[in-house]
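Residue strings, one per chain:
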Amino acid sequence: MRMSGKFRGRLVNHKTGEIICWEKHNKVVKVGFNWVASLMSDTTVRMAPISHIAFGTGSNVTVDSMIALENEVYRAPVTSNWNETTRELTFTGSIPKQSGLSVNITEVGLFNAEAGGTMFDRATFSPKGIDEDLSFDYTFIITITE
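Procedures and definitions
Residues numbered from 1 in each chain as written. Predicted model: local features only at pLDDT ≥ 70, side-chain atom pairs only at ≥ 80, totals over all residues. Heavy atoms only, no water. Pairing = 2+ DSSP bridges. Helix = DSSP H or I, 4+ residues; strand = E, 2+ residues; numbered from the N terminus. Axes fitted to C-alpha atoms, helices over the stretch in contact; angles between N-to-C directions. Contact = heavy atoms within 4.5 Å.

(A) Expanded view of the sheet that holds strand β1 (residues 2–13). Read from one edge of the open sheet, nine strands run β4-β3-β7-β8-β2-β1-β9-β6-β5, paired in antiparallel fashion. The sheet is open, and its two edges are formed by β4 (72–77) and β5 (79–83), each paired on a single side. Here the average twist between neighbouring strands, direction ignored, is 20°. Where β1 and strand β2 (residues 19–28) come together, eight bridges link them in antiparallel fashion. When the sheet's bridge partners are listed, Phe-7 is paired in β2 with Lys-24. Here helix α1 (residues 30–40) sits on the sheet in contact with β1, β2 and β8 (119–130), set at roughly 135° to β8.

(B) A look at the pairing of β1. As defined by bridge partners, β1 adjoins strand β9 (residues 134–145) across 12 bridges and the pair is classed as antiparallel. Residue Gly-5 lies in a different strand from β9, and its bridge partner there is Ile-142.

This is the structure we're talking about:
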C-alpha cells in the first residue's frame with residue numbers, strides 16, 4: 001500500500017474578486033505513518049481520526065521527524081470524504097474572511113485534535129497573505145494505491 005498526497009489552496013479576495021489557486025505535494029511524516037499503523041493493528045489504543053488543519057508561517061522543508069508545524073497560527077476543523085472508486089481520502093475546510101488573521105501563511109498540516117494532537121502530514125508553499133478581506137479554502141487529498 002502506498003500513500004501520496006497533495007494540497008490545493010484557493011485564496012479569495014472578497015474586496016477585489018481576485019482568486020488565487022495553487023497545488024503542492026504534501027508529505028506524510030513518521031508519526032502520520034504510525035497513526036495509520038495504529039488504525040490497522042490489533043492495538044487497544046486507537047488514535048483519534050484526522051479532524052483539523054493547522055496553518056503556520058514556517059518554511060523549512062518537511063522532514064520525517066516533524067511532529068508539529070514550525071509556527072502554527074490558526075487551526076480549523078475539516079470535513080472528510082472517502083471515494084472508493086478513486087481511492088482518494090479528501091479533507092476540506094476554510095479560513096473565513098474576517099478571521100482575525102493578518103499573516104503570510106506558508107505551511108499547513110493535518111491533525112487529529114483541536115489543539116496539539118498527532119500531525120499526519122505537512123505541506124509548504126510560497127507565502128499567501130491572509131487578512132480581513134480574504135478567505136482561504138483548502139483541500140488535502142490522500143491517494144491510497146497498491
